[in-house]
Structures are given as structure tokens and as C-alpha cells.
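Close look at the chain arrangement
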Amino acid sequence: MPIHEESLIRPENLRKHDELNIDDVDVSGHWSTFIESRAVSDYNEQLEQEVAAFPGGAFIHRCWQCGACTNSCTVNAINPDFNPRYWIYLVRLGMEQELLRDKDIIWQCVSCHKCTHVCPRDVEPEGVMKALSHWLEAKGHTPKSQSQHFDEEFYQQVLETGKIEEGRIVRNFFNRTGQPLQQPWLIRMVKNMIRGLPILLLTRMGLATLFRPKTKDWSKSKASIEELIEMKESARKQILEGNKSS
Amino acid sequence: MSDSTHLRDDLDTVAYYPGCALEGSGHAYNRSTKRLARKLGLKLVEIDNWNCCGAMEVKNIDPDIQNYLSVRNMSIAKHKMGLDVVMAPCNGCYHNLKKAEHDVTHREDTRETLKKMAEKTGQPEYKSGDVETIHALDWIKHAIGEKNITGKVKKSLAGLKIANYYGCMYTRPRHIFPEKDQGEGSESTSKPHFMDDLLRAAGAEIVDFPLKTACCGGAHTLSDCDTSTQLVLNILQAAEACGADVIATECPTCHSGLEMHQVRAQETLNIKTQPVMLYFTQLLGLAFGISPRQLGIHENISQSMGLLRQKGLV
Ligand code: SF4
Ligand code: SF4
């Protein structure tokens, strides 16, 4: 039988034979295409609980699989493999291995909030995407994504001074991720920018890189932010480690 | 708690929350917003010793830290400055303050966490409805209104074809904007129109632009450049196909995203697009006769002076 909707089946699960002869009968061609049968047994029953412990993942249990998120998704329109509904499904079923096939694209969610806007169950799928990418990194399935580097650099500056300075973020981010600052399009852009800027402003921006913008009396806020993060991190660790030992 | 679907009436004096971007890449937006306020006799009082709202990033470290950052600013406006309207011109700031308001109103756990943090840092606790957060578009729309704008126009924007780009954070997700989608006179989350209304009142021709709320990839503008360039190109090319000369913006992140990736598309993909980017505050300012320099038009990366000269606006 030819397989209808073949595109829905992962290529590695299809068995095709260009030349196949059984009992002297030539059955080559699409007649002999089979779908590899398989039984899933390696469930991670705690997967949903683990993902829910990461920032943004708390409401994953509410999903009823309507698919509105994927339907509205900005990144899905560019790459059909980017499928929030499906990933949420896999997480809730505990199908970790299946999820890992898409591990390298999950971080690409651009936080456009289209999914959270349309979700009828208040799952906040945008947050779930962030939680998923954190979970992937925490479990060692993926290296830190560029986006995570950016978030950490940003957070660090806010934590230290209460404010950010964009130039510093850009420089440190390129540094952390080992990218050169001398990319032709960046140079051209900076040239365009400087051309129009009044000297006074340039001076002020230059000074901002020396004297970082700061919120005054920030130390108590800093301490209290750190305390909260520590608390949440240790709760998360307990869940991940508890699941490992059980 | 005040009626969350109704905008407060007195907008002559509001607390101003510029945010970090307006002190950096969005300085032209900051400058033109302040100029506009002065011209229109509206008072902006900058929030005393404000802090960053966490932008698109801190929530990924922890959503309640982001809420803390927002309510600290709102609490200062209310308790230290005695103001109950906070105006934020940046979509990211605006979104975050609205999100914090929503969580404080609807989530017990957030309320508890923030209460404890307020105690530890010695700030007054922020309570639901203490302030109303509005966007710069709400501010001009409600404080001045279309009729008065038309009356104040010195140089009509007639002849300028504008596509209005609102981005993601101004309308999504709808549940954090209870005042939107409330019928006549309110903003729409599916087809926002406040910027259209204001610029049309200043004489501009507004083109029917289908990608008003498309995403420019701002969250990954540097961490996933190729995706962002693709998304920005969609927006630029759609605006061009609609016949727009100008894409009007109301967010520093969207604005610089469009500018940056327009350059990048040309450099890396060799795709050139025509529309120039201007903040809506710059466009209104021009209509009211404020000089381009005072509106920071030279500070934009996107070069619009040629077009403005050609249209007789400078
Ligand atoms: S829109 Fe919401 S309920 Fe529907 S599939 Fe996506 S997350 Fe699940
Ligand atoms: S926020 Fe992320 S997952 Fe949701 S629609 Fe946008 S890109 Fe897709």
C-alpha cells in the first residue's frame, strides 16, 4: 500500500526498498514501504513536573491541545518544525526522547506572545517555550543558547545596578558568545548612526559607558532579588534531583 | 480597585517612565516625546530614581523578579510622587507594568512574593489599581484627541503615506490590557488604530497595512539575527507593497529593530527596501512645526530627511 500523508511520518521511521524480491516476486517501489513499528517504553513520568518548575512553565498542565498556539506562531510560519502544541503534548505524555529531536530549535521562540494571546486555556505557551529551553540546558541536553546568554547578561546588569546600558550589554554579549564586533552590517549601522548624532549626545553616550547608569540605594533590592532567585533555584534543584534518584 | 476598563481622565500631569532604551538607542523617541509634551502643554514628571523594568529578558530568569522591577517604579509614582497615571512610551516597559498590574490583581502568589520583597526593601507595598499605566499613544489620544490635533497642525502631513507598526507588546496578550477591546473609542488588540487616528488627524495618508502587529523578532535581534532579519523584511516589504513612504513606530525596540535589520538585509542579503522609520512623536512634532533637530530626526539610523524635504515638511 502506498502511504498517504507520508510527510507526517519521520523519515527514519520509514523503511523503503528500491529493489526487493520476495519469493521471486518483484515488490520494489512504493508497494514495499513500511512504517517501522515501535513501542515507547522510556517515559519520563516527571517530565511535566520538571518543566513546570522552570520560569514560565507553571501552567502547562492546563493545555487541551487545541493547536491555536502553533497556528498563530511567528516562528512556525518560518519553520514548520517549530510546533509549541506538539511539544507541550510530548512533555505532558513524558516522551522525553521524542522531544529531544527538536531540542536545537526550541530556544528560537521570539516571545511575540501570539500564542499566549490566543490560548483559550491560559497556558501561557510563550512561557512554556522559555521553560523548555531552560530545562534542556539544565539537563545538559543543549548548550546555553545565544538567547540564554543574552538574558543572563541583561539580568546581571539589572541585578548589579538597577539599570542597563545597551552598549555594555551588546559588547558583553558578543564577548560571551565569541562573536566578532566587526561585522560589516554592524559597522555600516554604527556609521549611519554616528553620522546623525550631535556631538553632545555622543559625548553623553560615551560617558554612559564609563559611568554606568545606576538606580540609587539599590543594594536592598539586589539582596532581595538574589534571595528570591536562590529560593526558586533550590526548589527547582530538588525537583530535578528528586526525580533522578527515584 | 478602580474600574480597570476606564482610562483616568486627568492626563495633564503624568508620571513619566522613559526606561533604559529611551536613554540609549531610543533617545530620539525620548527627546521627541518631551518636546511634544512641552508644545501641547502637558506635564511629564520623570519617576524619581526609577529602575529597569526587565525588558524581555528578566522574566526568563524569573517572572516575579520582573514584576518586582515594575511595581517598584509604580509604587514610587504613587507613594513618593502622588501621581496615579504612569506613562511609558516603550512597548516593553508598558507591557511589563501592565503585566505586573495584572498579576498583582489576579495572582495570590505574586502578591505574597511582592509584599515580602517590599517589606525587605522598605518600600510601600504596591496595591492593585494604585496607578494606571498608559502608553504614549493613550496619552496623546486621550489628553489631546484628534480634533485638537487637527486644530494645532501648522504643517499638514498631507502627501506622506504612512504604515503604522505597533509590534507585539502593545496589544498582546489581551488579558493584561483590560481597557482594550471595549468598543467605541477604545483601542483594538487585533487592529490597533490609535496611531492611525492621530497621524490621520495631522493630515497623513494612512495606508491599509496588514502587518501592524506582526513580530519584528526584537527579543532575538542579536541572538538570532537571521530570523530577525527575515521577520523585519516581511514588515518592510509589506509596507512597501502598500505604497508606504514611512513606517511610523511607537516603540524603541521595534524602531531600532527595523532600522538595524533594514541595514542588515541590505548588507547580507542584498535586499534593499525603501520605507524610512520615524517615531509617531517625531511625525506629530513635525506637523506642529517643531524643528527636525529638536525632534531628534537626525539621530535615527534610518535617513528620512531627503523624503521629508521632498514632501515639503522641512
Ligand atoms: S493554544 Fe493553549 S490550549 Fe491550545 S494547544 Fe496551545 S497551549 Fe494548548
Ligand atoms: S511567543 Fe514563541 S511560541 Fe508563541 S507564537 Fe511567538 S514565537 Fe511562537
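Thresholds, definitions, all that
- Residues numbered from 1 in each chain as written.
- Chains lettered and ligands numbered in written order.
- Predicted model: local features only at pLDDT ≥ 70, side-chain atom pairs only at ≥ 80, totals over all residues.
- Heavy atoms only, no water.
- Patch = residues over 30% accessible without salt bridge, like charges linked within 9 Å, V, L, I, M, F, W, Y side chains within 5 Å.
- Areas by Shrake-Rupley, 256 points an atom, 1.4 Å probe, with all protein chains shown as cover.
- Salt bridge = Lys/Arg side-chain N within 4 Å of Asp/Glu carboxyl O.
- Helix = DSSP H or I, 4+ residues; strand = E, 2+ residues; numbered from the N terminus.
- Near = heavy atom within 4 Å.
- Nonpolar A, V, L, I, M, F, W, Y, C, P; charged D, E, K, R; others polar.
- Pairing = 2+ DSSP bridges.
- Domains from an automatic or database assignment.
- Contact = heavy atoms within 4.5 Å.
- Buried area = accessible area lost by both parts, 1.4 Å probe.
- Polar contact = N/O pair within 3.5 Å; in protein donor to acceptor, adjacent residues only side chain to side chain.
- Buried < 20%, exposed > 50% of the residue type's maximum accessible area, 1.4 Å probe, protein only.
- Phe/Tyr/Trp six-rings, centres within 6.5 Å; stacked < 30°, edge-to-face > 60°.
- Lys NZ or Arg CZ within 6 Å of the ring centre and 35° of its normal.

1. A look at a nonpolar patch on the surface
Together, Tyr43, Tyr89 and Leu93 of chain A give the surface a local cluster of nonpolar side chains, amounting to about 280 Å² of exposed area. With respect to the element layout, Tyr89 of chain A can be found in helix α4 (residues 84–93).

2. A short note on the site of ligand 1
All names here are of chain A. Neighbouring ligand 1 are 14 residues; Cys63, Cys66, Gly67, Cys69 and Cys119 lie closest to it. Among the secondary structure elements, those contributing two or more residues to the shell around ligand 1 are α2 (68–72) and α4. The class makeup of the residues in the shell around ligand 1 is ten nonpolar, two polar and two charged.

3. Focus: the sheet that holds strand β5 (residues 161–164) of chain B
Residue and element names in this part refer to chain B. With parallel pairing, four strands are arranged side by side in an open sheet as β6-β5-β7-β8. Only two strands of the sheet have a single partner each, and these edge strands are β6 (205–206) and β8 (276–279). One ladder, built from two bridges, connects β5 with β6; its direction is parallel. Paired with Ile162 across the two strands is Ile206, which belongs to β6.

4. Here's the deal with the domain arrangement of chain B
All names here are of chain B. When cut into domains, chain B gives domain 1 (13–135) and domain 2 (154–310). Between domain 1 and domain 2, the contact holds 26 residues from the first and 31 residues from the second. A buried area of about 2,400 Å², summed over both sides, lies between domain 1 and domain 2, and 66% of it is on carbon and sulfur atoms. Across the contact surface, domain 1 and domain 2 share two salt bridges. The salt bridge involving Glu179 is made with Lys98; its shortest N-O contact spans 3.1 Å. The element that contributes the greatest number of residues to the side of domain 1 that touches domain 2 is helix α2 (residues 27–40), accounting for ten residues. Per-class residue counts for the side of domain 1 that touches domain 2 are ten nonpolar, ten polar and six charged.

5. Overview of the interface of chain A and chain B
Counting residues at the interface gives 60 residues for chain A and 65 residues for chain B. Summed over both partners, the interface of chain A with chain B comes to about 5,500 Å²; 64% of that surface belongs to carbon and sulfur atoms. Remark: the boundary between chain A and chain B carries six salt bridges. In this structure, the salt-bridge partner of Glu227 of chain A is Lys120 of chain B, at a minimum N-O distance of 2.9 Å. Linking chain A to chain B there are 16 residue pairs in polar contact (both at pLDDT 80 or more). Elements with a minimum of two residues in the side of chain A that touches chain B: α3 (74–78), α6 (114–118), α7 (125–138), α8 (146–161), α9 (166–176), α10 (184–196), α11 (199–210) and α12 (219–245) of chain A. Taken together, the residues of the side of chain A that touches chain B break down into 27 nonpolar, 16 polar and 17 charged.

6. Details of helix α7 (residues 136–143) of chain B
Residue pairs three or four apart in sequence face the same way in an α-helix, which turns once every 3.6 residues. Residues and elements named next belong to chain B. Where burial is concerned, most of α7 is hidden: six out of the eight residues are buried. Among the residues of α7, Ala136, Leu137, Asp138, Trp139, Ile140 and Lys141 are the ones counted as buried. Downstream of α7 by a residue or two, Gly145 has a phi angle that is positive, lying close to 85°.

7. Regarding the site of ligand 2
Residue and element names in this part refer to chain A. Neighbouring ligand 2 are 14 residues, the closest being Cys73, Cys109, Cys112, His113 and Cys115. Elements that contribute at least two residues to the shell around ligand 2 include exactly α3, α6 and α7. Across the shell around ligand 2, the residue classes tally to nine nonpolar, three polar and two charged.

8. Overview of the packing of aromatic side chains
The final tally for this structure, using the stated rule, is nine aromatic pairs over all chains. A cation over a ring is seen here: Lys180 of chain B above Tyr170 of chain B, with NZ or CZ 3.8 Å from the ring centre.

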